[in-house]
Amino acid sequence: MSASDSVTVRVPAKVNVQLAVGGPRPDGFHDLANVFLAVGLYDEVTVTPADELRITVSGPDAHQVPTDRTNLAARAALALAERHGREARVHLHIAKDIPVAGGMAGGSADGAAALVGCDALWGTGASREELLEICAELGSDVPFSLIGGAALGRGRGELLTPLEVGGAFHWVFAVADGGLSTPAVYRECDRLRGDAPVPDPEPSPALLEALRTGDAAALAAAVDNDLQAAAVSLRPSLAETLRAGTEAGALASLVSGSGPTCAFLVKDGQDAEAVAAALLASGSCRAARVATGPAEGARLVAG
Ligand code: ATP
């Protein structure tokens with residue numbers, strides 16, 4: 001088979017620099033003000049013609065990723081095939097570098113990547129709007145994986161407004177052993193709040209301005225994650241990880257999305273290496289990864 005018989009799509013992870021969570025809606029979702037930033041940790045999805053739909057996964061966390069039709073990459077291929085009246089006869093290979101169940105939207109990323117890859121391989125010619133519509137059906141975080149950069153997500157996070165970003169932000173990500181279930185973290189958030197009134201989630205003007213101007217110190221002062229208390233409640237050791245990053249000089253330390261990955265905003269690349277080394281030395285995480293954001297959304301890299 002020649003190289004032109006397959007396409008490869010690279011897709012970034014995300015960190016939520018603000019995640020404001022409203023009360024539970026009747027449909028079980030929560031209204032959000034969700035400020036996404038795509039960061040340069042990537043999965044790659046390679047799509048190759050095959051007799052039937054097949055998924056393989058490589059990478060250190062590959063064993064935690066389903067290879068049946070519950071995989072978001074498989075669901076994306078099936079959704080596009082169904083809309084265009086064809087069979088999803090492809091082999092999807094996921095080279096996984098985004099932590100699994102880590103609050104960095106790894107599964108969503110693979111869904112967006114498979115969609116872009118199948119569209120290119122099949123010559124479907126789906127419009128951006130159609131791809132975004134399928135993404136929103138697949139999951140709240142999937143549309144953002146397609147567009148990348150930075151965006152404000154309203155509704156359950158899928159109604160996106162792209163945001164201007166004035167510079168590169170430097171991050172360190174502390175990867176934990178084992179994941180946290182996103183629905184369980186939302187349930188814990190509701191439980192901790194009890195009967196207290198929950199304000200409507202709104203984006204922070206100071207945070208949006210810090211992104212626009214590329215000001216890391218101002219962004220650090222504004223980052224906020226309403227799911228952090230719940231993630232720490234379910235995984236108390238995260239408090240130690242967050243403390244280790246702060247003591248090592250991070251400008252801001254926060255849980256990424258529903259966790260358990262912790263995100264540390266730092267001044268520059270040199271500080272990133274120093275904070276990563278200190279986090280590893282503290283023994284409070286399995287791995288420490290350095291990345292900058294914003295990063296481009298799902299893009300063809302070969303084929
Ligand atoms: P989010 O930040 O969007 O809440 P997450 O980063 O916490 O997501 P994922 O890595 O997307 O979590 O994985 C959540 C669960 O989704 C996994 O435990 C796994 O069972 C399932 N899953 C389905 N498809 C994939 C995929 N392609 N990669 C990883 N997990 C997947």
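Residues numbered from 1 in each chain as written. Predicted model: local features only at pLDDT ≥ 70, side-chain atom pairs only at ≥ 80, totals over all residues. Heavy atoms only, no water.

K.L.:
How should I be thinking about the packing of helix H1 (residues 72-83) against helix H3 (residues 128-138) in this particular structure?
P.N.:
In helix packing, the relevant descriptors are the interaxial angle and the interaxial distance, both defined with respect to the helix axes. With their axes 10 Å apart at the nearest point, H1 and H3 run at an angle of 130° to one another. In terms of orientation, H1 lies oblique with respect to H3. Crossing angle aside, the handedness with which H1 passes H3 is right-handed. Contacts from Leu72, Arg75, Ala76, Ala79, Leu80 and Arg83 in H1 reach Glu130, Glu133, Ile134, Glu137 and Leu138 in H3. Partitioned by chemical class, the residues of the contact of H1 with H3 number 6 nonpolar, no polar and 5 charged. (Axes fitted to C-alpha atoms, helices over the stretch in contact; angles between N-to-C directions. Helix = DSSP H or I, 4+ residues; strand = E, 2+ residues; numbered from the N terminus. Parallel < 35°, antiparallel > 145°, perpendicular 65-115°, else oblique. Left-handed = near helix turned anticlockwise from the far one by under 90°. Contact = heavy atoms within 4.5 Å. Nonpolar A, V, L, I, M, F, W, Y, C, P; charged D, E, K, R; others polar.)

K.L.:
Looking at this model, I keep getting lost on the site of the ligand. Mind explaining?
P.N.:
Taken together, 22 residues surround the ligand, and among them Ala101, Gly103, Gly107, Asp141 and Thr182 come closest. Contact distances for the ligand include 2.9 Å between an oxygen atom and a backbone N or O atom of alanine 105. In the model, an oxygen atom of the ligand is placed 2.8 Å from a nitrogen or oxygen of the threonine 182 side chain. When isolated, the ligand has an accessible area of 610 Å², and the protein chains bury 78% of it. Split into classes, the residues belonging to the shell around the ligand amount to 9 nonpolar, 9 polar and 4 charged. (Near = heavy atom within 4 Å. Polar contact = N/O pair within 3.5 Å; in protein donor to acceptor, adjacent residues only side chain to side chain. Areas by Shrake-Rupley, 256 points an atom, 1.4 Å probe, with all protein chains shown as cover.)

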